[in-house]
Amino acid sequence: MESETAILVNELKKLLNGGGAHVGFKDAVANLPFRLLGEKPYHLPYSIWQLVEHIKIAQWDMLEFSKDGAHQSPKWPDEYWPKEMAPKNEETWNNTLKQIDDNLQAFIALLESSNLYDAIPHGDGQRILTEALQIADHNAYHIAEIVVIRRLLGAWNVT
């Protein structure tokens, strides 16, 4: 019989990879025309590029905080949001997508190897469980914004 913690870890992994109730990150950015990454339709505050880069920075920060007591978080909010509307080139875009995936897989490995309930020694009450839920919540929020922008730009195929 699976332990309750193992069940929770498996459910967290599903949630971090996109959950069952919403689109995951990889699907939200799949087949996205490069030319649309810097568009801000209807005066929305962010482009898809800015949202994706923000996801990368915030997720990296939560991962590093979870494992390294010497980690210094970026300055909020300035260093969590890119100023550029679009990536310099497709290589930059692809590198960002890879970093998001690599950091997510690193966090999942940490999740699988840690006690979810122990306080992070250098934190102020956070636990790996807390960070997992925060990453999932934060990413889902911004993934939904990516999908909305894609819909507004006519670049979302729901089939």
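Quick caveat: nothing in here was measured; it's all calculated off a predicted structure. Residue positions within a chain follow its written sequence, with the count starting from 1. Where local features are concerned, this predicted model is filtered to residues with pLDDT of at least 70; where side-chain atom pairs are given and counted, the filter is 80 or more; whole-chain, interface and lining totals use all residues. Side-chain numbers come from the whole structure's heavy atoms, not from hydrogens or water.

### Topic: the overall build of the chain
Here is the rule we go by: Elements are defined by DSSP. Helices are runs of H or I of four residues or more, strands are runs of E of two residues or more, and each kind is numbered from the N terminus. Whether a residue is buried, partly exposed or exposed follows from its accessible area with a 1.4 Å probe, protein chains only, as a fraction of its type maximum: under 20%, in between, or over 50%, in that order. We call two residues in contact when some of their heavy atoms are within 4.5 Å. All accessible areas in this document rest on Shrake-Rupley with a 1.4 Å probe, and a residue is counted as covered only by the protein chains that are shown. Charge counting follows a simple rule: Lys and Arg are positive, Asp and Glu are negative, and His as well as the terminal groups are ignored. Where a charge sits is defined by one atom per residue type, namely NZ (Lys), CZ (Arg), CG (Asp) or CD (Glu).
Looking only at helices and strands, one finds five helices and zero strands in the chain. The linear arrangement of helices and strands in the chain, starting from the amino end, is α-α-α-α-α. Each principal axis of the C-alpha distribution contributes one length, and for the chain these read about 45 × 35 × 25 Å. Every one of the 159 residues in the chain was classed for burial, and the buried ones make up 41%. In the chain, once contacts between residues fewer than 6 apart in sequence are set aside, the share between residues at least 24 apart is 74%. Counting every atom, the chain has about 9,200 Å² of accessible surface; 52% of that belongs to carbon and sulfur. Each charge sign in the chain was given a centre, from 14 positive and 22 negative side chains, and these centres are 6 Å apart.

### Some points on the packing of helix α4 (residues 90-113) against helix α5 (residues 128-152)
Helix packing geometry: the angle between the two helix axes and the distance between the axes. Selection rule: All axes here are fitted lines through C-alpha atoms, helices being fitted over the stretch that makes contact, and every angle between N-to-C directions spans 0 to 180 degrees. Working definition: roughly parallel below 35 degrees, roughly antiparallel above 145 degrees, roughly perpendicular at 65 to 115 degrees, and oblique for all remaining angles. Crossings are sorted by hand: turned counterclockwise from the far helix by less than a right angle, the near helix makes the crossing left-handed, and turned clockwise it makes it right-handed. All amino acids are sorted into three groups, where Ala, Val, Leu, Ile, Met, Phe, Trp, Tyr, Cys and Pro are nonpolar, Asp, Glu, Lys and Arg are charged, and the leftover types, Gly among them, are polar.
The geometry of α4 relative to α5 is characterised by a closest axis approach of 10 Å and an angle of 150 degrees between their N-to-C directions. Taken together, the axes of α4 and α5 are roughly antiparallel relative to one another. Of the two elements, α4 crosses α5, and the hand of that crossing is left-handed. Contact with α4, carried on its side by Phe-107, Leu-110 and Leu-111, involves Ile-128, Glu-131, Ala-132 and Ile-135 of α5 and no other residues of that element. For the contact of α4 with α5, a count of residues per class yields six nonpolar, no polar and one charged.

### A look at the packing of aromatic side chains
Spelled out, the test is: Centre distance within 6.5 Å is the pairing criterion for rings of Phe, Tyr and Trp, where only the six-membered ring of Trp is used; planes under 30 degrees apart are then read as stacked, over 60 as edge-to-face, and the remainder as tilted.
Under the criterion given, the structure shown has three aromatic pairs. Aromatic side chains Trp-49 and Trp-93 sit 6.2 Å apart centroid to centroid with 55 degrees between the ring planes, which places their arrangement in the tilted category. Note that Trp-49 is positioned in helix α3 (residues 48-67) and Trp-93 in helix α4, a separation of 44 residues in sequence. Across the pair, Trp-93 and Trp-49 agree in class, each one buried. Aromatic side chains Trp-76 and Tyr-80 sit 5.2 Å apart centroid to centroid with 65 degrees between the ring planes, which places their arrangement in the edge-to-face category. For Trp-76, a relative accessible area of 57% puts it in the exposed group.

### Some points on the UniProt feature "domain: DinB-like" (unreviewed entry) in the chain
What counts, and what does not: UniProt positions are given in the numbering used here, feature names are shortened, and annotations may be inferred rather than shown by experiment.
Sites flagged by UniProt as "domain: DinB-like" (unreviewed entry) map to residues 28-146. Annotated as residues 28-146, this span is 55% helix and 0% strand, and its ends, taken at the C-alpha atoms, are 7 Å apart.

### Structural notes on the pattern of salt bridges
Defined as follows: By convention in these notes, a salt bridge is any Lys or Arg side-chain nitrogen within 4 Å of a carboxyl oxygen on Asp or Glu.
For the structure shown, the criterion picks out seven salt bridges. The shortest N-O distance in the salt bridge between Lys-14 and Glu-11 comes to 3.3 Å. One end of the pair is Lys-14 and the other is Glu-11, both in helix α1 (residues 4-16) and three residues apart, which spans about a single turn. We classify Lys-14 as exposed; its relative accessible area is 51%. Given a relative accessible area of 42%, Glu-11 falls into the partly exposed group. With its nearest N and O atoms 3.4 Å apart, the salt bridge here joins Lys-67 to Glu-64. Here Glu-64 and Lys-67 lie together in helix α3, a separation of three residues that amounts to about one turn.

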